[in-house]
Amino acid sequence: MQPLWSSCNNRRSKITHIHLLGVALVLLLFLASPTTSCKEEEKASLLGFLDGLSQNSGLPTSWQNDTNCCLWEGILCNMDGAVMDISLASIGLEGHISPSLGNLTSLLKLNLSGNSLSGGLPLELLLSRSIIVLDVSLNKLDGEFHELQSTPDSEMKVINISSNLFTGYFPSTTLGSMKNLAALNMSNNSFTGEIPSTLCVDKPFFAVLDLSYNQFHGRIPTELGSCSRLRVLKAGQNQLTGTLPAELFNVTSLEHLSFPNNHLQGTLEHVGKLRNLVILDLGWNGLNGKIPDYIGQLKRLQELHLDNNNISGVLPSALSNCSNLTTIILKDNNFQGELKRVNFSTLSNLKFLDFRSNKFTGTIPESLYSCSNLIALRLSFNNLHGQFSSSISNLRSLKFLALSHNNFTNIIDALQIISKSRTLALLLIGGNFKNETMPEYDTFHGFENLQCLAINKCSLYGHLPNWLAKLKRLRGLLLDNNKLSGPIPTWINSLNLLFYLDISNNNLTGDIPTALMEMPTLKSAHSDPIILKFPIYLTPFLQYRATSSFPKMLNLGNNKFTGVIPPQIGQLQALLTLNLSFNNFHGDIPPSIGNLKNLQVLDLSYNDLTGAIPSSLERLHFLSRFNISSNDLEGPVPTGGQFSTFPDSSFFGNPKLCSPTLMHHCNSAKATPVSTISTGEYIDKVIIAVAFDISNNSFNGDIPTALVEMPMLESANSDSIIFKLALYMPPFLQYRTTSGPPRILNLGYNKLTGVIPPEIGQLKALLTLNLTGAIHSTLEMLHFLSKLNISNNDLEGPVPTGGQFSTFPDSSFTGNPKLCSSTLLHHCSSADAAPAPSTSTGHYIDKVIFVISFGMFFGVGVLYDQMVLSRYIYFSLI
């Protein structure tokens, strides 16, 4: 990828108008004298800008003194004392942009990016006859671009209004007369309507157009094919439809063509014409046909993203000619044939290769192992076969290897071969080696850096092998759906970092060893987070960017374990999922399970458990799935905590259990009576007791203190009232007591003002807040938060990475231009809260928002959603 002002690789002779502009600006800045006295009219215009800013704005103190304005920070004057450059990026400016800046008749460059400026963009700036570069990106500017006729002698060459809150239609008339326009970045706003067909009319230097992350719809205009100088064309994440126009492939100057996440159709028949192409991203559309042999003519191509389309056929051997390729993403298509058609040995720069979910056959070609720079390789869900080659050790940079669900054989040699990779962190080879035996090596060395190992769904025989004890960096181990037998070995607690263990659906026997109750990472919710270079997706909703956010899970279900459930299980207070179902456990349910206050899933079904359901389980306030069916439990079903949310099927097969909703009703000797009221009465009591919803009205004023002193919203405990008819909250839940529904305070969509009372921390179920300032780190302690939306506020600083924060999509944070993180457009500096760097339109080419979903799709995840209370999501490992 090239910055806006750079020339193409290996191209030295062709100097464009943009390059001349860059040279001219450098010369002008060099000739400017910092000692020149500024003109009074220039100073007056700058002070007018100062008046439009908030008092607490971050403008340097030099602006406050009655001194030479050419000496003010961010100001550069020419030899005549006229302001020619204003560079005030990322210094915390607040307030409005004053139209007085339009009076600076010698101003060439205005950069106000990365601040918190609000209001509209003054028309005086767009009508300026002097401004060449206008950059107001990463602010909170809003409003529509009202159509106006720009002056025919406008010098405007670069406009960057990206990452703001602009709405309305494309300002085609406003931009129409800017004959010198070379780069336009409107990305990450809320523009709508169709892309105009007149974009390139009378614009001989137009080279960069970025419309990504808006709401444009309709077809791609065929007239874009006349943009003969266009180098960058990006319009991903919109709602564009229709066929990819053939005329677009006539723009042979294109270096970056990006239309992902739209609804486009068509083929790549003419792609060979774009011989200057460096990045081609057409993923997540409806393209069909084949990759033509002409692809081999794209000698400069570095990234090829065609994932999630309907493209079929074989890989063209001509792909071998694209020797500069670093990234090939073809997952979720209908490709077939053998991979050996491509000579990968010519692709020495290849780093990321993802062919997941296609129909490739044959073996892994030996030439692929010559790609020594390969970091991530995913071939899962294909029809590949054969044995692993010892040449895999040539992949010296490999960190992620996913080969699951193919037809590979010989697991004994496979693990010995792969273990020699010292860089490997993620190994997913499940769904292969069917009915083989789990190897037990006499000596074993390797996997020094392995963090996740998945050998599941293989129907392997044997035992839990001792060589696993040597994988000291292991965090996730998935051996489910095999035929392993024998006990859980006592060395299990030597894996000090292991927090995700799934050995369900095997033939394991014996008691649960005490060693398993001593797993340090299952005792504490805190662990050293490892930031993942690639997000790991949990289908269909969640992505994880740090290991600290993965669910802590212990799944021993569907085995032949015996004995009692150890009372020491209450020590594993970090557990989110505990599954002991379909075993032969007997005895009581340990009351210590009530100490697992983070627990979201508890499944003890199909065992031989006896006794009563411990009342301590009522303390599991985040439990969204509970199953104790088919045991021999007795006594009343608790009514506190989450118990009123569980369906009757959670308790079936325990004929001695009783409750008002089961066939066996409790008598007064078995349970403390609870008050009952008629159907008509309980509706009023539910609303008064647990909900206060005045959203979507026109209330104004401050939030009264009395509202944050409501006792029913402060305490989770209240007198339970049983409903004669279940109260349903669609689409999932039914409630049979008043203690079941969530406490809700919904003040959204009103006109409330003032600050949020600090006493609001006493309330437990707030859903909608309007915030300013930084995101407090204490929110990381909300380990069960599954929905967070703080978009369109004025928050600042780094987005926390602990707790659930790595699971939230970027849309949760949009509209806060001063927030920063590694995934947002505004990246944090080493100071963790440093303002965003000033970035030209061209540099946004390097910030393509693209994610490679190499993956371990972990087994079971459960969300506690405040809006629907719970949903149980099944995940599959790839």
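Procedures and definitions
- Residues numbered from 1 in each chain as written.
- Predicted model: local features only at pLDDT ≥ 70, side-chain atom pairs only at ≥ 80, totals over all residues.
- Heavy atoms only, no water.
- Helix = DSSP H or I, 4+ residues; strand = E, 2+ residues; numbered from the N terminus.
- Buried < 20%, exposed > 50% of the residue type's maximum accessible area, 1.4 Å probe, protein only.
- Areas by Shrake-Rupley, 256 points an atom, 1.4 Å probe, with all protein chains shown as cover.
- Pairing = 2+ DSSP bridges.
- Axes fitted to C-alpha atoms, helices over the stretch in contact; angles between N-to-C directions.
- Lys, Arg positive; Asp, Glu negative; His and termini not counted.
- Salt bridge = Lys/Arg side-chain N within 4 Å of Asp/Glu carboxyl O.
- Contact = heavy atoms within 4.5 Å.
- Arc of directions from axis to C-beta.
- Disulfide = S-S within 2.5 Å.

Q: Please provide a residue-by-residue account of the overall build of the chain, values included.
A: Across its full length, the chain carries eight helices and 57 strands. Within the chain, buried positions represent 57% of all 878 residues. By element, 52% of the accessible surface of the chain is carried by carbon and sulfur atoms, the whole surface being about 35,600 Å².

Q: Pulling in residues and values, what's your account of the sheet that holds strand β3 (residues 94-96)?
A: Reading across the sheet, the eight strands line up as β3-β5-β7-β9-β11-β13-β15-β17 and stay open at both edges, with parallel pairing between neighbours. Because the sheet does not close on itself, it has two edges, and the strands there are β3 and β17 (263-265). Each strand axis lies, on average, 20 degrees off the axis of its neighbour in the sheet, ignoring direction. As paired elements, strand β13 (residues 215-218) and strand β15 (residues 239-243) share two bridges and run parallel to each other. Bridge pairing links His217 to Gln239 in β15.

Q: Lay out the side chain of Asp480 in plain terms, naming residues and giving numbers.
A: Topologically, Asp480 is positioned in the loop between β32 (476-478) and β33 (483-486). The buried charged residue Asp480 lacks any salt bridge partner; its closest oppositely charged side chain belongs to Lys457, at an N-O distance of 5.3 Å. Other than its neighbours up to four places away in sequence, Asp480 contacts Asn456, Lys457, Asp502, Ile503, Ser504 and Asn506.

Q: Hey, could you go over helix α5 (residues 411-418) for me, with residue numbers and the actual values?
A: Considered for burial, the residues of α5 that qualify are Ile411, Ala414, Leu415, Ile417 and Ile418. Taken down its axis, α5 places every buried residue within 165 degrees of arc, on the same side. Tucked inside the fold, the buried residues of α5 contact β27 (400-402) and β29 (426-428).

Q: I'd like a rundown of the pairing of strand β45 (residues 632-636), residues and numbers included.
A: Looking at chain direction, strand β43 (residues 608-611) and β45 are connected through two bridges and run parallel. The residue bridging Thr610 from the neighbouring strand is Asp632, located in β45. Pairing of β45 with strand β46 (residues 656-658), which is carried by three bridges, proceeds in the parallel orientation. What sits directly across from Glu634, in β46, is Lys656.

Q: Residues and numbers for the state of the cysteines, please.
A: With the rule as written, the count across this model stands at four disulfides. Here Cys200 pairs with Cys227 through a disulfide, and the sulfurs are 1.4 Å apart. Looking along the S-S bond of the Cys200-Cys227 disulfide, the torsion reads about 85 degrees, which is the right-handed sense. Separated by 27 residues along the polypeptide, Cys200 in the loop between β11 (190-194) and β12 (208-210) and Cys227 in the loop between β13 and β14 (232-234) bring together distant segments of the chain. Comparing Cys200 with Cys227, the two get one shared label, buried. Covalently, Cys658 is tied to Cys666 through a disulfide, its sulfur atoms 2.0 Å apart.

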